[in-house]
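# Results of the structural survey
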Amino acid sequence: MTRPTFAVLNGPNLNLLGIREPDLYGAEGLSDIQQRCEKVAAELDADVEFFQSNDEGALVDEIQARRDNAGIVLNAGAYTHTSVAIRDALAAVQVPFVEVHISNVFAREDFRHRSYLSDIAAGVIVGCGVDGYELALRRLASLIS
Ligand code: CA2
């Protein structure tokens, strides 16, 4: 099998990780998460590419550009609860994706209980902190093996 490439995509405000609200989202920043994912990807004999944007259209463009990837780990942030456009992009590319949320969205406000993505996801990981990204990569690797 050719070496798979996974994308790890993060949505709005996740660039603030490690800077604000550590009680909710932990002390690690996006660059720490990237390092963790690179370590797991090396272990899985895979490549991993990282992307973060606060812009819904940029996330749609990035998902479209990932149509040949082996899988996507996606924390779409607040767009999870609002974005038909991101859902449509994911459905169009047909790349398996795992939806990740650092916090337990089900223990938070009602509007965070609704996801436009979960029913078309290969899996959903919620409330496991930033470990969720590593778990998602491992799941994607096992799905394609
Ligand atoms: O728990 C998650 O990972 C979320 O996707 C995070 C989103 C939130 O809208 C979702 O409901 C659940 C918010 C990301 C905001 O990230 C921040 C990080 C540090 C400080 C402030 C915001």
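Residues numbered from 1 in each chain as written. Predicted model: local features only at pLDDT ≥ 70, side-chain atom pairs only at ≥ 80, totals over all residues. Heavy atoms only, no water.

Another point: the packing of aromatic side chains. Under the defined criterion, the tally for this structure stands at zero aromatic pairs. The side chain of Arg 114 reaches across the aromatic face of Tyr 116, ending 4.3 Å from its centre. (Phe/Tyr/Trp six-rings, centres within 6.5 Å; stacked < 30°, edge-to-face > 60°. Lys NZ or Arg CZ within 6 Å of the ring centre and 35° of its normal.)

What the largest pocket holds in volume is close to 380 Å³. Lining the largest pocket are 18 residues; nearest its centre among them are Pro 12, Asn 13, Leu 14, Tyr 25 and Gly 77. Looking at the lining of the largest pocket, its residues break down into eight nonpolar, six polar and four charged. (1 Å grid on protein atoms, 1.4 Å probe; cavity = no way out; pocket = protein on both sides within 12 Å on 5 of 7 lines; lining within 4 Å. Points joined across faces, edges and corners; volume = space filled by probe spheres on them. Nonpolar A, V, L, I, M, F, W, Y, C, P; charged D, E, K, R; others polar.)

To continue, consider the packing of helix α2 (residues 30–43) against helix α5 (residues 131–144). For the pair α2 and α5, the least separation of the axes is 9 Å and the interaxial angle reads 25°. By the angle class used here, α2 and α5 are roughly parallel. Pair α2 / α5 crosses with right-handed handedness. Every residue of α5 that contacts α2 at Ile 33, Arg 36, Cys 37, Val 40 and Glu 43 is listed here: Asp 131, Tyr 133, Glu 134, Leu 137 and Arg 138. (Axes fitted to C-alpha atoms, helices over the stretch in contact; angles between N-to-C directions. Helix = DSSP H or I, 4+ residues; strand = E, 2+ residues; numbered from the N terminus. Parallel < 35°, antiparallel > 145°, perpendicular 65-115°, else oblique. Left-handed = near helix turned anticlockwise from the far one by under 90°. Contact = heavy atoms within 4.5 Å.)

So, about the site of the ligand. Close to the ligand lie 17 residues; Asn 75, His 81, Ile 102, Ser 103 and Arg 112 are nearest. Ala 78 places a polar main-chain atom, nitrogen or oxygen, 3.4 Å from an oxygen atom of the ligand. Coverage of the ligand by the protein amounts to 94% of the 500 Å² it exposes when considered alone. More than half of the atoms belonging to the ligand lie within 2 Å of the grid points that define the largest pocket. Taken together, the residues that form the shell around the ligand break down as eight nonpolar, six polar and three charged. (Near = heavy atom within 4 Å. Polar contact = N/O pair within 3.5 Å; in protein donor to acceptor, adjacent residues only side chain to side chain. Areas by Shrake-Rupley, 256 points an atom, 1.4 Å probe, with all protein chains shown as cover. Sits in = over half its atoms within 2 Å of the grid points.)

None of this, on its own, says anything about what the molecule does.
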